[in-house]
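# Reading the structure
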Amino acid sequence: MAFNEHNKDEFPPAHTAEHLLNQTMMRMFGCERSNNAHVERKKSKINYHLSQKPDRKAEREIEQRINDLIEADLPVSYETTDREHLPEGIDVSRLPEDADDEIRLVHIGDYDVCPCLGKHVRSTAQIGRFEVLGTNWDEATHTFRIRYKTIG
């Protein structure tokens, strides 16, 4: 089945790590998935809107949780469904207005599921290691940026 074309050529390990990071941030901080990510082979950056700046301990915990998920070797699988039969909690508000009625959902074990057309690894162990390169906090906008890379 052909889906909407998109203009990204993702690096599968870093892109799959982005899914893990989004779900981890949602679970740890109660925030939404990032809507501002730049995922690349050498270095990726992703922003989250949070109520307060995470401390260094929380930053280390984010990295550890992602690496634990990678080590767990969770399978990555796909499901197609239409908008009328989406599982509860799936947000399609970021899909383009002209998106197909059929939507591809990406599952990472039982940890994360979201609509995505990107390229992914077959299981999390293929990501390698997740390393936080640094973070920035913008107090005015309550934006927390994480810079990371995957090392395979």
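Keep in mind the model is a prediction, meaning the values are calculated, not measured.

The number of helices and strands found in the protein is two helices and seven strands. N-terminal to C-terminal, the α/β element order of the protein is α-β-β-α-β-β-β-β-β. Burial status across the protein gives 41% buried among its 152 residues. Sequence-distant contacts, at least 24 apart, represent 66% of the contacts inside the protein between residues at least 6 apart. As presented, the protein carries roughly 9,000 Å² of accessible surface, and 44% of it is formed by carbon and sulfur atoms.

The next point concerns the pattern of salt bridges. Scanning the model with the defined rule gives five salt bridges in all. Ionic pairing is found between E59 and K53, a salt bridge with its closest N-O pair at 3.9 Å. For E59, a relative accessible area of 9% corresponds to the buried category. With relative accessibility at 41%, the residue K53 sits in the partly exposed group. Its salt-bridge partner being E59, residue R56 comes within 2.7 Å of it at the nearest N-O pair.

About the thresholds
Residues numbered from 1 in each chain as written. Predicted model: local features only at pLDDT ≥ 70, side-chain atom pairs only at ≥ 80, totals over all residues. Heavy atoms only, no water. Helix = DSSP H or I, 4+ residues; strand = E, 2+ residues; numbered from the N terminus. Buried < 20%, exposed > 50% of the residue type's maximum accessible area, 1.4 Å probe, protein only. Contact = heavy atoms within 4.5 Å. Areas by Shrake-Rupley, 256 points an atom, 1.4 Å probe, with all protein chains shown as cover. Salt bridge = Lys/Arg side-chain N within 4 Å of Asp/Glu carboxyl O.

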